[in-house]
Structures are given as C-alpha cells and as structure tokens.
Amino acid sequence: MARRKKEQAMHVFTVRVYYEDTDMAGIVYHANYLKYIERARSDWVREQGLDQNAMREEDGIVFVVRRIEADYLHAAKYDDVLEIRTTVKSMTGVRLIMAQEVLRGEEVVFRAEVTAVCATLDGHPTRLPAALRRRVH
C-alpha cells in the first residue's frame, strides 16, 4: 500500500511593516520580503517541535535555503499588517519545498517557492531530521 502524505495545515505568521522596512518611495524594500518569509519558516520549524539551536549544537546540522523563486505582485507600505502563509508542497528525505504567500488583507503581495535542505556544519548535504520527516509524511 502506498503511503499517503499527511495533510499539512497552513502556518500563519503576522508582521507589521515598520519605517525601517521601506525604501525611499515608502514601500517595502524587496529584500525584506525574504526576511519576512524566513521568520515565518523559522516559526513553522519551531511549531514542528524542532529546536534549530539544538540541531546545530547537538547534531551538527542546519537548514540551508537552496533555491527561492519569488514573485513581487503588489507594493506593501509602511504600517501595513502582513500575513505570511506557509504550506509544505513536498518533502523527500533530503529536500523540503514550501510555498509561501505574503498577504495584505486578502490581496497577495508576494509569493515564493522555497527549497530548503540540511547541511552539516562543514557544508556537506545531509538528510532532513527524522522527526520532521515523520511529522510531515
């Protein structure tokens, strides 16, 4: 019998745009969207029961972003409240692909697909933590 992928709930993380997040035109500087989605992914990992500090210190492994495909759709501005929605698209023993959207209300302002892997502290690829693979699959 084929194993079915366990249905993953959408993770939601909220941020407010501060003045320091904007450029001279008063809109969110493009690189800050990457920071927002990183915070959301870190929060998702924590919710999965993983301690990234312990992973690094005890197991000698860290998560590494291998690839990001991003689309900037609309401009977010100072004082906007943004919601970052994260879902797992797929996972193998070594790769985690996540879909992330940044919304202002119901409007999607930014969308990304992020591929993450794990690496040892000396940069060699390694399998994703078994606890994460069990929880997601």
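Our subject is the structure listed above.
Residues numbered from 1 in each chain as written. Predicted model: local features only at pLDDT ≥ 70, side-chain atom pairs only at ≥ 80, totals over all residues. Heavy atoms only, no water.

> Help me understand the layout of surface pockets, please; the structure alone is not making it clear to me.
Remark: the empty space left among the atoms is shown by a probe the size of a water molecule rolled over them. There is about 170 Å³ of room inside the largest pocket. Residue lining of the largest pocket: E38, R41, S42, V45, Q52, F63, V64, V65, L96, M98 and A116, and that is the complete set. If you list the elements that add at least two residues to the lining of the largest pocket, you get α1 (30-47), β2 (61-72) and β4 (96-104). In terms of residues, the lining of the largest pocket owes the most to one element, α1, which gives 4 residues. Its residues assigned to classes, the lining of the largest pocket shows 7 nonpolar, 2 polar and 2 charged. (1 Å grid on protein atoms, 1.4 Å probe; cavity = no way out; pocket = protein on both sides within 12 Å on 5 of 7 lines; lining within 4 Å. Points joined across faces, edges and corners; volume = space filled by probe spheres on them. Helix = DSSP H or I, 4+ residues; strand = E, 2+ residues; numbered from the N terminus. Nonpolar A, V, L, I, M, F, W, Y, C, P; charged D, E, K, R; others polar.)

> Quick question: what am I supposed to make of the environment of T120 here?
Within the secondary structure layout, T120 lies in strand β5 (residues 107-120). Note on T120: relative accessible area 23%, which makes it partly exposed. Measuring from C-alpha to C-alpha, the distance between T120 and G60 comes to 5.7 Å, with 60 residues separating the pair along the chain. Within the structure, T120 has its side chain in polar contact with the side chain of D122 (distance 2.3 Å). (Buried < 20%, exposed > 50% of the residue type's maximum accessible area, 1.4 Å probe, protein only. Polar contact = N/O pair within 3.5 Å; in protein donor to acceptor, adjacent residues only side chain to side chain.)

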